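Descriptive structure summary
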Amino acid sequence: KGKTGIVATFSGNGAAPARRQFQLIPQPGTSFEFSDGTEQFVHITPAYRHLGTLYTSDQTLDTEISHRLGMARSAFEQLRRRVLANRHLPLQLRLQLFGTLILSKLYFAAGSWHTPTGRQLERIRTAIGRMVKAMLGPTMRFQSTARLLSQAGILEPRARLAVERLLYAQRLYHHGPAFLQLMTHEEDAQQPFSWLAGLRHDLRWLYGVEAVA
């Protein structure tokens, strides 16, 4: 109880009746029959967190990104004065700690995300830029975010998400269960902004980077 739930998104023909039948009722959910013949009621919830990732019925990343940014900012503020903005520590060490302790919270499991919108990417980019400026001091206050991230050796959010998704794809197709691989293709067949569509864009980006290199 409390560890199993369905996050349902109804769309297309019949979506409204399905919402009335399964969601707009006193106890949203449906009965599920297991292979041994037993039945169990499974709740339908608007959001569900699993292994640190928040899944919502609207399938947008706004809530998840807000949560991740909050975690990253909280961790940054805890370490800012003593470690990350401590001028007695080498800058390269502080940047490494920033990547390990802060950016890891922000990008945890981001390889499973579909591609964020331009507005969402800008939110991430702005938040990272502010933390880096606070870490490096007032002399960097008037630097552009792009220049600041470049000087600090921090990937732009879109590039970092591409790397995370390529690494996730490697694990998915080497070790993932067959049903999960089939689900990614089924999702791709149903809607244009699927995870697999984003992966194709990332592969084209990677090919372009390698070609230039």
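Everything in this summary refers to the structure shown in the same document.

What counts and what doesn't
Residues numbered from 1 in each chain as written. Predicted model: local features only at pLDDT ≥ 70, side-chain atom pairs only at ≥ 80, totals over all residues. Heavy atoms only, no water. Helix = DSSP H or I, 4+ residues; strand = E, 2+ residues; numbered from the N terminus. Buried < 20%, exposed > 50% of the residue type's maximum accessible area, 1.4 Å probe, protein only. Contact = heavy atoms within 4.5 Å. Salt bridge = Lys/Arg side-chain N within 4 Å of Asp/Glu carboxyl O. Axes fitted to C-alpha atoms, helices over the stretch in contact; angles between N-to-C directions. Parallel < 35°, antiparallel > 145°, perpendicular 65-115°, else oblique. Left-handed = near helix turned anticlockwise from the far one by under 90°. Nonpolar A, V, L, I, M, F, W, Y, C, P; charged D, E, K, R; others polar. Expected span 1.5 Å × (residues − 1). Pairing = 2+ DSSP bridges.

1. Considering the overall build of the protein chain
Regarding its fold elements, the protein chain presents eight helices and four strands. When the helices and strands of the protein chain are placed in sequence order, the string is α-β-β-β-β-α-α-α-α-α-α-α. Going through the 213 residues of the protein chain one by one, you find that 30% of them count as buried. By sequence separation, contacts in the protein chain at least 24 residues apart represent 55% of the contacts at least 6 residues apart.

2. Description of the pattern of salt bridges
Per the stated rule, a full pass over the model turns up nine salt bridges. For the salt bridge of D188 with R200, the shortest nitrogen-to-oxygen distance reads 2.6 Å. Of the two residues, D188 sits in helix α7 (residues 178–190) while R200 sits in helix α8 (residues 195–212), which places them 12 residues apart along the sequence. One salt-bridge network, held together by shared partners, links E122, R125 and E156.

3. What to know about the packing of helix α3 (residues 91–106) against helix α4 (residues 118–136)
At a closest axis distance of 12 Å, the pairing of α3 and α4 adopts a crossing angle of 150 degrees. By the angle between their directions, the pair α3 and α4 is classed as roughly antiparallel. As α3 runs across α4, the sense of the crossing is right-handed. Of α4, the residues touching α3 (which contributes L91, R94, L95, F98, I102, L103 and L106) are I124, I128, M131, V132, M135 and L136. A class-by-class count of the residues in the contact of α3 with α4 yields 12 nonpolar, no polar and one charged.

4. As for helix α6 (residues 157–175)
Its 19 residues place the ends of α6 26 Å apart at the C-alpha level, agreeing with the 27 Å of an ideal helix rising 1.5 Å per residue. Every buried residue belonging to α6 is among P157, A159, L161, A162, E164, R165, L166, A169 and L172, and all of these are buried.

5. Examining the environment of T126
Mapped onto the elements of the fold, T126 is located in helix α4. The exposure class assigned to T126 is partly exposed, which follows from its relative accessible area of 27%. Here the alpha-carbon distance between T126 and E186, two residues 60 residues apart in the chain, equals 34 Å.

6. What about the pairing of strand β1 (residues 29–33)?
Alignment of β1 against strand β2 (residues 39–43), held across five bridges, turns out to be antiparallel. The residue bridging G29 from the neighbouring strand is H43, located in β2. Here β1 hands over to β2 after five residues, with G37 in that stretch at a positive phi of 95 degrees.

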